[in-house]
Each structure stands twice: as C-alpha cells, then as structure tokens.
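Residues per chain, in single letters:
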Amino acid sequence: MKTKLSDSSLKFEKLVYDSVHGYIGLTEQELKIVDTIIFQRLHNVRQLGTAFFVYPGATHSRFAHSLGTMFVMSRIAQRLAELNIIEDVDEIKKLRLAALLHDIGQFPFSHVLEVPIKRYSEHGTHEHLSAHLIKNSCLKELFDTYTPDEISSIITKKYVEHPIYSLLISSDLDVDRIDYLMRDAHETGVSYGFIDTDRLTRTIIIDEDHLAVEDKGRQALENFLMARYHMYQTVYYHKTVVGFELLLQRIYEELMNQGKAYNYEQICALSDEEFYHYNDNYVWRLLQENQGEPEPLGDLISRFKKRQRLKMIKEIQGISVSGREKPEYSRLSLIEIPYQLEGLSKKSGIPKDWIFYSKPKPLEILSKAEDETAIRIVNEDGTSIPIAQDQDSIISMLYNSCFLSSRVYTKDEFELALLDGLRDCFGCS
Amino acid sequence: MTDETKFKLLAAFKRIGQRIDISDFNARLVFQKRVYLLQELGLQLGNGYGWYIRGPYSHDAASDGFQLQSIQDHLEPSRGLPELSQDELKSIEKFEKLISDSEKKFKGKNKTYIMELLGSLHFLLKYGYPSSGDKANALRKFYELKPQFKENAEAALELLEKYGL
C-alpha cells in the first residue's frame, strides 16, 4: 500500500550537525544503518585521497560526504514531490537510502586505489562493492519496505522503473557532485567550489525524462558547472596531488602482486569486522610493514611517507575545442601502449617502475547537447533545451570544449634522461 | 576500463573492421551499445553500465572511446594491441553474426535504431528484471519506455535468445 506524502512523513530520530549543510535529519532506519560497523568505517576513508599533501584541511571523510549526499538527494526528492513527479514518500525514503549508501564500498584513499584494484578485476569498482555490501553484509537485515536489490540497483543505475533516478545519481547535475563540490571547497579552502545549493535544488525539474533547471536557476547552474571545472583544475588534477596518487597506486599494485594487499575478490570475502579495518589505516600499516622492501618498492614507500613528491617532467594541458587536440598531446598519449612504454624505457635507460603517466578523463564543461546526461534549461514559455544550446547562456559558449591534461613523472635524478627519451620516442620537446 | 582492457577493445574493433567513432551523438550511441553487447557476449572489458534514456550507457566507455579515438591511427599495424584469446575471438565472432542477422532482420532500419533496440531490450531483461519469471514485466517496461521499437521487440528478443543473451 502506498504511503501518501505529508510534511510529517519523514520522522527524524536524530539530527546531526554538518559543517556544509547544517542539521541533517536521520530516520530510525537510517540511524540503524549509520550505526553499523560497515558505515562507521567511512570515518576512516578520506574523501580526497592524497589531496591532504597539498591541502592540509582535506582530511574530511566519506562518512560526512555520504550524509551530505543524502541531504541533497532529500531536498531534490522533496522538490520533485512538490511537483507531483514523485507521489509517494516511500520513493523519497528509497532515494535517501541510495544516496546514504552510494559510497559504502569506497576503497581506502577513495578513488586512488580503485585504479590498481580494477586493473586486476573487471568488477573492482566501489559501485560494485557497494552493491555487494548492501546485499551481503549486516546491512541487508536493515531494509524493511524495500529490498537490498532495489537500493543497490539505484546506486548502480540499473533501476529501470524510474530512469530519472540514474540521472540523480550520475549526470551533469547529480547529488554526489553537488555535495562534494561544496564540501571539498569548504575543507580545502579553495573557494571556487562554492555553489548555490539552495537555488539549484529549488529550481530542479524533470522535463521528458531529462534533468532540467528552471530559468530562474540559470545563474546557479552556470556557476555550478564552472565551479566543477575550477575545482578539477585546482584540487582534483593538481599536479602534486596526482603525483602522490600515482605513487600510491604503484605501491598498492606491487603489494597486491606480492599477495600482501587485498585484491577485489579478497575484499569481497572479508567479514564485516575485517572490512571495517579495510580503510586508510590499513594502507598506512601496509606501508609501515613493507618499508624495508628492496628497490623500487622500498623507495616508493619511503617517498610516500616522507612526502617526497615525484618530479613532473612533462605536462601538456589545455582546452580542446571540437575534439581538436594539441598534436603533442596525441603523441604523448601513445605512452599508454605497452610496447611504446617499453621503448621509452629502453631508449631513456629509465626502468618502467620509475615512469609514471597520468592522463585523466577529458573534463567536459558540458555534456554533449544530445547526451542523456546533459542538463536542460526550461524557459519561461515552458519549452526546454540543453543548456549547451541555449544562446542566452554564457556557458553555451563553452560547448564542445573540454579540458585535457597529460603528465609524465619520475624521480629527480631521472629527469633529463626521461626528457630525452620523450623527445626521441614521441617528439615531445 | 583498465589500460589493458581499453586496448583489448581497440583490438576487438579492429577485428570487426570498425573504427572507434564518437564524432556525433549517433556514433556515440552506436559505440556505447557495441561495447555493451561485446561485453555481454563475453569480452571482459569491465565497464559498468547504467540505465539512461537511450538505454545502457557507461561513463567509462564514453571516456575511453574519446581516448582511443585519438590514438587508434598511431598504432603500428603489427604490434601494440593485446592478443585476443580463443574465447574472446569467439565472442567477437558471435557479435559479428548477431549484427549481421539483425541488419537482415530489420532491413531499412539504421544502425542507431538496431543498436538501441538490442541493447535496451537486453539490459531490461538482464538487469532491470533479472529473475527469469520477469520477462513479461521487462517487455511491459520496454513497450512503455520505447514504444517506437514495439513492432520489432519480439524479433529482437528471438535474436538475443539465439545468441545466448
């Protein structure tokens, strides 16, 4: 039987004060979930991985972010309920749970370790692990009206009954992004990430299964899109942050190869108690236990512990318009190909263990206009178009632009030899 | 995708004589569904797909498509790509047959139509309504969300079943 929506439908058992959103209410069911050992683990998983090496304040946890994401989801779900797009308070509760649990399976140091873990297991993503935990850990006992399958399918964007739920979880304007931009700006002190969350959540609308924003929310949306771009440049793609990410990834991969660090299958087999301990502290313990290992592992670990950054010896970055890349960017991309990397190593005399390459996903300011994740603007006459095509929006000028970045790192003493190798192998001066 | 699986995908596309093309929306849609079906037929690429308006979509596949597009022309023909195993070659062969059969079956329909039809129907059956007794619900939802494909849904279902999907 569907429960009708009313103001008192969400009864909060507890209020938690959050530095970004203020008071966040938790229902009885949500409180039980938060109090589990699986959720409490998130206190010891840093949201921003290795960013604290550059921004000392970046020590906030996935715990806070999970509560914040739930808060944002709740605001949007309530807004959609006011518009009669959601008609049932159970749907709001379901969305809140999905948001609360969307990062339950985050690896230590968040996305940093997902790279080496996924290299050895096609399922090795935090999303997949989150779904696994919801269905197999102590969490599975805590769902009453909804099944673990329902909640995990929303998180993994497989909830086909309401396609819009996928967009709320992952799109140009998803709840995850809204919280993390604000939170990361607040904790790092980088002010470019501050956005008008209130305005955004109050002007969101659904238009023919697309996420849209009303015209009066236009400036808030434009600010949000630019905020994301600036935060990526300043924090997430910061050259030193990326350098330490590469270092930790190499260390963890080597430890997995030696059977000293958990791979994905082993992580899935952990008991709830064991999984609680699979957090950032687990990694610090591994570093401590293996610091005496022979080269290169011992040196890599020592560098990470002592904040001895890798030297960035080559960087090609900039804005690409209409897919046109700098030729040097395309040439340097070839380093990803295994035989090209071997060639570079031979030519330069630098062991492959000491050649680090970073080429993050191109950062689009806006999704392509026709893409389903693209956000739309609803004009005063009720028609909507993708913001990328809206001539009244300054952000549309950035349509078809994306930020590209490509970097090579090594240790200081190898700099000159590797630069010569890059020039000889890829024509990069 | 990991680096290795990314190049495996490129190897698979070269095998079927296709370029990685993400130049416009239709090309991106076809690319997405090709990758999805190759994966479902057994090529282990590790892309997580979600349900969006035009059917299964993967952010990782989208991003890797962009990166592969720019390097595919720079590879030496005889080296650079991983060897595909016998099982992977069989998966690719199945994919080619599926596409060939579907082009015959849905004559007059373009690639975008065919790929969205096959990919969306398969996703709903396997992930939307995974239990075997739920086929009726999966079809109901398919007709509701994609009425433009209704006339060809049964034929698409037969094809998917023929290839073990």
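Residues numbered from 1 in each chain as written. Chains lettered and ligands numbered in written order. Predicted model: local features only at pLDDT ≥ 70, side-chain atom pairs only at ≥ 80, totals over all residues.

1. Points about the interface of chain A and chain B
Counting residues at the interface gives 28 residues for chain A, matched by 27 residues for chain B. Secondary-structure elements contributing two or more residues to the side of chain A that touches chain B are helix H5 (111-120), helix H6 (126-136) and helix H17 (327-333) of chain A. Looking at side-chain class alone, the side of chain A that touches chain B contains six nonpolar, eight polar and 14 charged residues. (Contact = placed C-beta atoms within 7 Å. Helix = DSSP H or I, 4+ residues; strand = E, 2+ residues; numbered from the N terminus. Nonpolar A, V, L, I, M, F, W, Y, C, P; charged D, E, K, R; others polar.)

2. A closer look at the nonpolar core
Residue and element names in this part refer to chain A. In terms of nonpolar packing, the biggest core is built from 160 residues, with Met73, Ala98 and Ile251 touching the most fellow members. For this core, the domains that each give at least three residues are domain 1 (9-309) and domain 2 (310-429). Ignoring anything within four residues of it in the chain, the contact list for Ala98 reads Ile151, Ile154, Ile155 and Ile169. (Core = buried A, V, L, I, M, F, W, Y, C linked by C-beta atoms within 7 Å. Buried ≥ 20, exposed ≤ 12 C-beta atoms within 10 Å, placed from the backbone. Domains from an automatic or database assignment.)

3. Quick look at the environment of Thr5 of chain B
Residues and elements named next belong to chain B. Tracing the sequence through the fold places Thr5 in helix H1 (residues 3-15). Distance in space between the C-alpha atoms of Thr5 and Pro82 is 8.9 Å, their sequence separation being 77 residues. Once residues within four sequence positions are removed from consideration, Thr5 is found in contact with Gln44, Leu45 and Gly46.

4. Quick look at the domain arrangement of chain A
Residue and element names in this part refer to chain A. Each assigned domain of chain A is listed here: domain 1 (9-309) and domain 2 (310-429). Distance from the C-alpha centre of domain 1 to the C-alpha centre of domain 2: 25 Å. If you list the elements that add at least two residues to the side of domain 1 that touches domain 2, you get strand S3 (204-207), strand S4 (210-214), helix H11 (218-236) and helix H12 (239-257). Of all the elements, H11 adds the most residues to the side of domain 1 that touches domain 2, at seven residues. For the side of domain 1 that touches domain 2, a count of residues per class yields 15 nonpolar, four polar and eight charged.

5. Digging into the packing of H5 of chain A against H12 of chain A
Residues and elements named next belong to chain A. The interhelical angle for the contact between H5 and H12, taken along N-to-C directions, is 40°, at an axis separation of 8 Å. The element H5 and its partner H12 pack so that their crossing is right-handed. Across the interface between the two elements, Val112, Leu113, Val115, Pro116, Arg119 and Tyr120 from H5 touch Glu245, Leu248, Gln249, Tyr252, Glu253 and Met256 from H12. The residue makeup of the contact of H5 with H12, split by class, is eight nonpolar, one polar and three charged. (Axes fitted to C-alpha atoms, helices over the stretch in contact; angles between N-to-C directions. Left-handed = near helix turned anticlockwise from the far one by under 90°.)

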